[in-house]
Amino acid sequence: MVAITPKTELSAVNLILRNAGETPVNSLSGELPLEASQARETLIEVSEDVQSKGWFFNTEVFKLSPDNNGNILLPPNALSVRSTGASRSIPVTSRGRKLYNMTPLASGDTFTGAMTLAIVFGLDFEELPSVARRYIALRAARVFQVRETGDEMNAQEDNQDEQKAMAELHAEQLAAEPVSLRQSWAVQDVLSRIPSGTVL
């Protein structure tokens, strides 16, 4: 019996190519045929778009401190950032690789203390869970087919598989979310602003 393994980047690119009636490739190293190169670019583009929404598998909370210049440097693969927990009252964004304070009349990229941040990371395709790889590959296949062939009819048929994969991804998201409301980030953010000793 053949073991079922998660999609690799190569198998995802070949899915995109086969879906558009193009010839699959044996490797993604070296110089690729134009169609394969475009298929790979589409996969990366769709992957970034999907991941930027923030999921259980690519969102983490960190407490980051400023460096000697007062700057808080963000990881190079940070797609988005928001303040959370005790830092929630300070609106932030990223500018370049630095955290930027968006507080009106007090904006800037220098901080005097640590910030608690929820960071959404952009992960390589093969670092993603299987359910996310499947959804991204199917969505990229549909996008590529419409762009390359303009075949809306087949794209609608592909959309059914894509919608099913999306539903499976959302089911995984729900299963990964905290069962207790007190464990959720949203509730923790609210609780962090309630004075200590308050009876709930």
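Each value, and the rule that gives it
Residues numbered from 1 in each chain as written. Predicted model: local features only at pLDDT ≥ 70, side-chain atom pairs only at ≥ 80, totals over all residues. Heavy atoms only, no water. Helix = DSSP H or I, 4+ residues; strand = E, 2+ residues; numbered from the N terminus. Buried < 20%, exposed > 50% of the residue type's maximum accessible area, 1.4 Å probe, protein only. Areas by Shrake-Rupley, 256 points an atom, 1.4 Å probe, with all protein chains shown as cover. pLDDT = per-residue confidence, 0-100. Core = buried A, V, L, I, M, F, W, Y, C linked by side-chain atoms within 4.5 Å. Pairing = 2+ DSSP bridges. Axes fitted to C-alpha atoms, helices over the stretch in contact; angles between N-to-C directions. Salt bridge = Lys/Arg side-chain N within 4 Å of Asp/Glu carboxyl O.

**Things to note about the overall build of the chain**
A count of helices and strands for the chain gives five helices and five strands. In sequence order, the secondary structure elements of the chain are arranged as α-α-β-β-β-β-β-α-α-α. The buried share of the chain, reckoned over its 200 residues, is 34%. Entry remark: accessible area of the chain is about 12100 Å², with carbon and sulfur atoms responsible for 51%.

**Concerning the confidence of the model for the chain**
Across the chain, pLDDT averages 88, with 83% of residues at or above 70. Looking at the elements of the chain, mean pLDDT is at its lowest for helix H5 (residues 185-192), recorded as 56, and at its highest for strand E4 (residues 98-101), recorded as 98.

**Let's talk about the nonpolar core**
With 30 residues, the main nonpolar core has Ile16, Leu43, Ile136 and Leu169 as its most contacted residues. Elements represented by at least two residues in this core include exactly helix H1 (9-19), helix H2 (34-51), helix H3 (130-149) and helix H4 (152-176). The element that contributes the greatest number of residues to this core is H3, accounting for ten residues. Membership of the second largest hydrophobic core comes to ten residues, among which are Leu99, Phe111, Met115 and Ile119.

**Things to note about the sheet that holds strand E1 (residues 59-64)**
Spatial ordering of the open sheet is given by E1-E5-E2, a layout of three strands whose pairing is antiparallel. Each having just a single partner strand, E1 and strand E2 (78-83) make up the two edges of the open sheet. Along the sheet, successive strands turn relative to each other by an average axial angle of 30°, direction set aside. Here E1 runs beside strand E5 (residues 115-121); their pairing, made up of six bridges, is antiparallel. When the bridges of E5 are listed, Val61 appears paired with Ala118.

**Considerations on the pattern of salt bridges**
Following the criterion strictly, the structure yields six salt bridges and no others. Here Arg40 ties to Glu9 by a salt bridge, and the two come within 3.1 Å at their closest N and O atoms. In this pair, Arg40 is assigned in helix H2 and Glu9 in helix H1, connecting sequence segments 31 residues apart. On the basis of relative accessible area, Arg40 is assigned to the partly exposed category, the value being 25%. For Arg147, the salt bridge goes to Glu45, with nearest N and O atoms at 2.7 Å. Taken together, the residues Arg147 in helix H3 and Glu45 in helix H2 connect sequence positions 102 residues apart. Look at Arg147 and you get partly exposed, because its relative accessible area is 47%. According to the relative accessible area criterion, Glu45 is partly exposed, its value standing at 40%.

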